[in-house]
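Overview (structure and organization)
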Amino acid sequence: MRANGAALWVCDTGGTGLPIILLHPFTGSGHVWGYQQQAFVAAGWRVISYSRRGYRGSDPIGAGGAGTDAADLAALLDVLTVAKCHLVASAGGGFVAADFAVAQPHRAASLTIACSILGAKGGEFDRLQRALADPAIAALPAYLRELSPSYRATNPDGVRAWRDLSDSAHVGGRPPPPSAGITRERLAALSMPRLLIGGDADMIAPPPFLRLFAGWMAGSRLRILPEGGHSLYWERPDLFNAEVLDFLPRHG
């Protein structure tokens, strides 16, 4: 499907009502949501997932001209004739969700962000980021950074499947930076219902980040889930899906 000058891979389950838009992490593509699509459709939701530019099935970054991920999302929603949606994002997808929600808040019925630092800047966030920055962690293979020790110890088949999806995710280029600039003031201005989810073993976006964002976005719902790392949607889909589905019907 073409949107904003680029060909994007899209999976739309169909249905009526406001859809859920799934926004994938940097280490995945639109193909990573198998645990969520079936559960959300079974609960009565229309579910749309897609691969951003540079990810499996979509054009490489730079093809079709310049464009931010948030602008591509807005254009995709226009093509699909979706005026408003629920955003559910993980990790790098949270950058896009926050950027889109800040730029076009009237189109986001709700905002669910899991395991993401949002591309934020300023104040206490910068201090936390400096405290956690460590070249040794950045040098680790992605599956060691993103999957918790509990998951790696107990689900080797799941680890292999995650690595296969991650290895096939990228088709070229680096993602553009968020266009809006995610600051405390911009997040505080958001008024749609917001759910923040994290894992207690996340090395990239640990609980202090999510607590900080919850403080910036007064009234947000915050959930820290046990024995989960940065890929919480994959490691603990039972808990992840239950939290999202419990949150969404209140705002459907």
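Read on for a plain summary of the structure. (Residues numbered from 1 in each chain as written. Predicted model: local features only at pLDDT ≥ 70, side-chain atom pairs only at ≥ 80, totals over all residues. Heavy atoms only, no water.)

Re the environment of I21
Residue position: I21 is located in strand β4 (residues 20-23). The exposure class assigned to I21 is buried, which follows from its relative accessible area of 1%. Sequence-wise, I21 and H86 are 65 residues apart; in three dimensions their C-alpha atoms are separated by 6.1 Å. Apart from the residues within four sequence positions on either side, I21 is in contact with I48, Y50, L73, L77, C85, H86, L87 and V88. (Helix = DSSP H or I, 4+ residues; strand = E, 2+ residues; numbered from the N terminus. Buried < 20%, exposed > 50% of the residue type's maximum accessible area, 1.4 Å probe, protein only. Contact = heavy atoms within 4.5 Å.)

Notes on the pairing of β4
Because side chains alternate across β4, one face comprises the buried residues I20 and L22, and the other comprises I21 and L23, equally buried. The pairing of β4 with strand β5 (residues 47-50) spans three bridges and is classified as parallel. Considered in β5, the bridge of I21 is made with I48. Handedness of the β-α-β unit built from β4, helix α1 (residues 34-42) and β5 comes out right-handed. (Pairing = 2+ DSSP bridges. Right-handed = clockwise from strand over helix to strand, strands pointing away.)

A closer look at unusual backbone geometry
Even without glycine at this site, A91 takes up a positive phi of about 50 degrees. With respect to the element layout, A91 can be found in the loop between β6 (85-90) and α3 (92-103). Among the residues examined, A91 registers a relative accessible area of 7% and is labelled buried. Positive phi, normally seen in glycine, also occurs at L118, with a value near 65 degrees. With respect to the helices and strands, the residue L118 is situated in the loop between β7 (108-114) and α4 (123-132). When its relative accessible area of 0% is taken as the criterion, L118 is described as buried.

Topic: the state of the cysteines
Applying the stated criterion to the full structure yields zero disulfides. With no disulfide of its own, C85 has C11 as its nearest cysteine by sulfur position, at a separation of 16 Å. We classify C85 as buried; its relative accessible area is 0%. (Disulfide = S-S within 2.5 Å.)

Comments concerning the pairing of β5
Along β5, one buried face is formed by V47 and S49 and the opposite face, lined by I48 and Y50, is buried too. The pairing of strand β3 (residues 10-12) with β5 spans three bridges and is antiparallel. Each bridged residue has a counterpart across the sheet, and for C11 the counterpart in β5 is S49.

Observations regarding the environment of Y50
Within the fold, Y50 resides in strand β5. Counting along the chain gives 26 residues from Y50 to L76, while the straight-line C-alpha distance between them is 9.4 Å. If we ignore the near neighbours within four places in the chain, the residues touching Y50 are L8, W9, V10, I21, L22, L23, H24, G30, D69, L73, L76 and V96.

The values are spatial; any link to function lies outside them.
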